[in-house]
Amino acid sequence: MRNADRIAGAALLAFAVAFSAGALKYYTYSGPGGPGSAFLPFWLGVIMAVLAGALLVGALRSRDPGPDWLPRGEGLRRIALVLGVTFAFVALLKFIGMILGTALFLAVLMRVLDRNPWPLTPSVAAATSGLTHLTSTYRLRVPSPVSVFGF
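Remember, predicted model here, so these are calculated numbers, not experimental data.

Procedures and definitions
Residues numbered from 1 in each chain as written. Predicted model: local features only at pLDDT ≥ 70, side-chain atom pairs only at ≥ 80, totals over all residues. Heavy atoms only, no water. Helix = DSSP H or I, 4+ residues; strand = E, 2+ residues; numbered from the N terminus. Rg over C-alpha atoms; globule rule 2.2 N^0.38 Å. Expected span 1.5 Å × (residues − 1). Buried < 20%, exposed > 50% of the residue type's maximum accessible area, 1.4 Å probe, protein only. Contact = heavy atoms within 4.5 Å. Axes fitted to C-alpha atoms, helices over the stretch in contact; angles between N-to-C directions. Parallel < 35°, antiparallel > 145°, perpendicular 65-115°, else oblique. Left-handed = near helix turned anticlockwise from the far one by under 90°. Nonpolar A, V, L, I, M, F, W, Y, C, P; charged D, E, K, R; others polar. Polar contact = N/O pair within 3.5 Å; in protein donor to acceptor, adjacent residues only side chain to side chain. Salt bridge = Lys/Arg side-chain N within 4 Å of Asp/Glu carboxyl O.

Once that is clear, we can look at the overall build of the protein. When helices and strands are counted, the protein shows 4 helices and 2 strands. The order of α-helices and β-strands along the protein, N terminus first, is α-β-β-α-α-α. Expected size for 151 residues packed as a compact globule is a radius of gyration near 15 Å; at 22 Å, the protein overshoots this value by more than 25%. A principal-axis box enclosing the C-alpha atoms of the protein has dimensions of 50 × 50 × 25 Å.

Put into structure tokens, the structure is as follows:
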């Protein structure tokens, strides 16, 4: 676990510094009316850097190696399944579209991971996919990828 904390702490620290620097580079920190658009992202990056630094220092000081951070057996299988289904969803998104892709993604995860019953799985997957499509299309006005089937 400590190795994972070291890696995560270093990666998060690098990301936080880049985030704060990017905020200052691309946005103004202050303006005539008060704080500018870089004010909040800059300070969020600083807070994240402090927390990541604390994680990194704690992991470097610890002598206890801690438990394994990568699961084994069933836990590893579940992680591999989620990653595989996610990669397939992203890879097939332009072909099957957002509506069908989201429904299939949720149906596979619900059925295989949680072993939900058949009547519940397609109804929840279809309802969630439809609600996501309606929200993004009509409320947020963000176009979704359309399948080769036209939906």
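As a further point, take helix α1 (residues 2–26). Between its first and last C-alpha, α1 extends 36 Å over 25 residues, near the 36 Å set by a 1.5 Å rise per residue. Where α1 is concerned, the buried positions are A4, D5, G9, A16, S20, G22 and A23. Against the buried residues of α1 lie α2 (39–61).

Taking 1.5 Å as the rise per residue, α2 with 23 residues should run 33 Å; its terminal C-alpha atoms sit 33 Å apart, in good agreement. Turning to α2, its buried residues are F42, G45, A49, A52, G53, L56 and A59. Where α2 is buried, its residues touch α1.

As a further point, take the packing of α1 against α2. At a closest axis distance of 8 Å, the pairing of α1 and α2 adopts a crossing angle of 160°. When the axis of α1 is compared with that of α2, the two are roughly antiparallel. Remark: the crossing between α1 and α2 carries left-handed chirality. Here the residues of the contact of α1 with α2 are counted per class, giving 19 nonpolar, 4 polar and 3 charged.

Here we take up the side chain of S136. Mapped onto the secondary structure, S136 falls in helix α4 (residues 120–139). Take S136: its relative accessible area is 15%, and that puts it in the buried class. Within polar-contact distance, the side chain of S136 engages the backbone oxygen of H133 at 3.3 Å. Among the polar contacts listed, one links the side chain of S136 to the side chain of S144, at a separation of 3.4 Å. Once residues within four sequence positions are removed from consideration, S136 is found in contact with R141, V142 and S144.

Further remarks concern the pattern of salt bridges. Within the structure shown, the criterion is met by 2 salt bridges. Here R77 ties to E74 by a salt bridge, and the two come within 2.9 Å at their closest N and O atoms. Placement of both R77 and E74 in helix α3 (residues 74–113) is noted, with a separation of 3 residues, approximately one turn of the helix. Residues D114 and R78 are paired through a salt bridge, measuring 3.8 Å at the closest nitrogen-oxygen approach.

Spatial relationships are all this shows, so hold off on functional conclusions.
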